[in-house]
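# Examining the three-dimensional arrangement
Listed below are the residues making up each chain.
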Amino acid sequence: MSPRPGRGLQVMVTTRTLATDGASVVYDVHGPLPPDDGRPPLLMVGQPMDAGGFAALAAQLPERTVVTYDPRGVGRSTRSDGSLTASPTVQAEDLHAVITELGVGPVEVFASSGGAVTGLALVTAYPQDVVTLVAHEPPLVGVLPDADLARRAGEAVQDVYARHGWGHGMAAFVAMTMWQGEFTEDYLRTPAPDPAQLGLPTEDDGSRDDPLLSDRSAEVTDYRPDVEALAAAPTRVVLAVGEETGDTLTARTARATAALLGQEAVVFPSHHGGFAAEDGPWPGRPREFAARLREVLEGP
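A brief structural summary. (Residues numbered from 1 in each chain as written. Predicted model: local features only at pLDDT ≥ 70, side-chain atom pairs only at ≥ 80, totals over all residues. Heavy atoms only, no water.)

What follows deals with the overall build of the chain. Of the regular secondary structure elements, the chain holds 10 helices and 10 strands. A globule of 300 residues ought to have a C-alpha radius of gyration of about 19 Å, and the chain, at 19 Å, matches this closely. Summarising its shape, the C-alpha atoms of the chain cover approximately 55 × 40 × 40 Å along the three principal directions. Residue pairs in contact within the chain that sit at least 24 positions apart in sequence constitute 69% of those at least 6 positions apart. Just so you have it, the chain exposes about 13000 Å², and 54% of that area is on carbon and sulfur atoms. Separation of charge centres in the chain, based on 22 positive and 41 negative side chains, amounts to 3 Å. (Helix = DSSP H or I, 4+ residues; strand = E, 2+ residues; numbered from the N terminus. Rg over C-alpha atoms; globule rule 2.2 N^0.38 Å. Contact = heavy atoms within 4.5 Å. Areas by Shrake-Rupley, 256 points an atom, 1.4 Å probe, with all protein chains shown as cover. Lys, Arg positive; Asp, Glu negative; His and termini not counted. Charge placed at Lys NZ, Arg CZ, Asp CG, Glu CD.)

Written out as structure tokens, the structure is:
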């Protein structure tokens, strides 16, 4: 056990390790089990981000028992299944195992980016596990009208990364994720930006295992939500989008996924990682983000 600050309160954090099929999953329980407030635990899910990415957000919710985890093969969680790829359906099985071990389900889930795709897969496979899922900007390329061009844009990033390394690949990734509106043939013909202009390294360190820049996350972006299963689930599913995300890829995928489910995306403060610490490398607004999350979770 270890304490963590939470808006003036000391919240005890218990770290647990769970053996699942092909993985050893590490997760952290922030607060008591069962929760003191009578609310379900709030599970926070990212991909490829580990539990540390939710530290600032969890600190703004000291009244809640929050559970964060490292996906298999990320951070402290290891895998023995012989695979290197991220599969939403496989990770949903891991989350089901965690929720089962908690013994206080069903839970509420806030899931972001690739984690939001895992959240949708979890509700599809185990609808009784989740009361409410807030899926924040899932990068579901297949729901877009320009899905083919968007996939080609992602493949172009992978090609730059394979040929030139992390700095060049990340510069191409930034350009792709900042692009406003539908992708075009003109975009695909535009050379990737110079990484030096973005403060990124120009030398090649030889690694090719970054999940954002390689094909290891292809199953995440290619995942197609099962609309009928989600509609039939007792779970309240809410799609969320950042107010600063504009008309970029993940904003468009969030809105398009919401439309598939017959709803509009709920607006949250800040950007794609708007729950991140204010003094972090990509400053967010965790206090305002947490306040909005409370409102959404307490909504109808």
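Core analysis: the biggest nonpolar cluster contains 41 residues, and Y27, L43, V45, V109, V123 and L133 have the highest contact counts within it. For this core, the element with the highest residue contribution is helix α3 (residues 114–125), accounting for 6 residues. Counting residues in each nonpolar core, the second largest holds 19 residues, with A147, A172, Y187 and L200 among its members. (Core = buried A, V, L, I, M, F, W, Y, C linked by side-chain atoms within 4.5 Å. Buried < 20%, exposed > 50% of the residue type's maximum accessible area, 1.4 Å probe, protein only.)

What follows concerns the packing of aromatic side chains. In total, this model carries 9 aromatic pairs according to the counting rule given. Considering the side-chain rings of F183 and Y187, the 5.1 Å spacing of their centres and the 65 degrees angle between planes classify their relative orientation as edge-to-face. Taken individually, F183 and Y187 each receive the classification buried, so the pair is uniform in this respect. Clustering of aromatic rings is evident, with ring pairs tying together F54, F110, F268, F275 and F289. A cation sits over an aromatic face here: R208 above Y161, 5.7 Å from the ring centre. (Phe/Tyr/Trp six-rings, centres within 6.5 Å; stacked < 30°, edge-to-face > 60°. Lys NZ or Arg CZ within 6 Å of the ring centre and 35° of its normal.)

Once that is clear, we can look at the packing of helix α2 (residues 88–102) against α3. Between two packed helices, the angle of one axis relative to the other and the distance separating the axes together describe the packing. One can describe the packing of α2 onto α3 by two numbers: an axis separation of 8 Å at closest approach and a directional angle of 70 degrees. What the angle tells us is that α2 and α3 run roughly perpendicular. The element α2 and its partner α3 pack so that their crossing is right-handed. The residues of α3 that touch α2, namely those facing P88, T89, Q91, A92, L95, H96 and I99, are V117, T118, A121 and L122. (Axes fitted to C-alpha atoms, helices over the stretch in contact; angles between N-to-C directions. Parallel < 35°, antiparallel > 145°, perpendicular 65-115°, else oblique. Left-handed = near helix turned anticlockwise from the far one by under 90°.)

Our next topic: the pairing of strand β4 (residues 42–45). A two-sided burial pattern is seen for β4, the buried positions comprising L42 and M44 on one face and L43 and V45 on the other. Relative to strand β5 (residues 66–69), β4 runs parallel, the two being bridged by 3 bridges. Among the inter-strand pairings, L42 is bridged to a residue of β5, identified as V66. (Pairing = 2+ DSSP bridges.)

Right, let's talk about the pattern of salt bridges for a bit. In this structure the tally under the stated criterion is 21 salt bridges. The residue R208 makes a salt bridge to D204 at a minimum N-O spacing of 2.6 Å. Given the relative accessible area of 30%, R208 is considered partly exposed. (Salt bridge = Lys/Arg side-chain N within 4 Å of Asp/Glu carboxyl O.)

Turning next to the environment of R255. Tracing the sequence through the fold places R255 in helix α9 (residues 249–260). Remark: the alpha-carbon pair of R255 and R189, spanning 66 residues in sequence, is separated by 27 Å. Setting aside anything within four residues of it in sequence, one finds R255 in contact with V241, G246, D247 and A265.

Interaxial distance between helix α4 (residues 147–164) and helix α5 (residues 166–178) falls to 7 Å at its minimum, and their mutual angle equals 165 degrees. By the angle class used here, α4 and α5 are roughly antiparallel. Note on packing geometry: the crossing formed by α4 with α5 is right-handed. Judged by residue contacts, A153, G154, V157, V160, Y161 and H164 of α4 engage W166, H168, G169, A172, F173 and M176 from α5. Tallied by class, residues from the contact of α4 with α5 come to 8 nonpolar, 4 polar and no charged. (Nonpolar A, V, L, I, M, F, W, Y, C, P; charged D, E, K, R; others polar.)

Right, let's get into the side chain of R64. As for its placement among the helices and strands, R64 is situated in the loop between α1 (55–59) and β5. Given a relative accessible area of 6%, R64 falls into the buried group.

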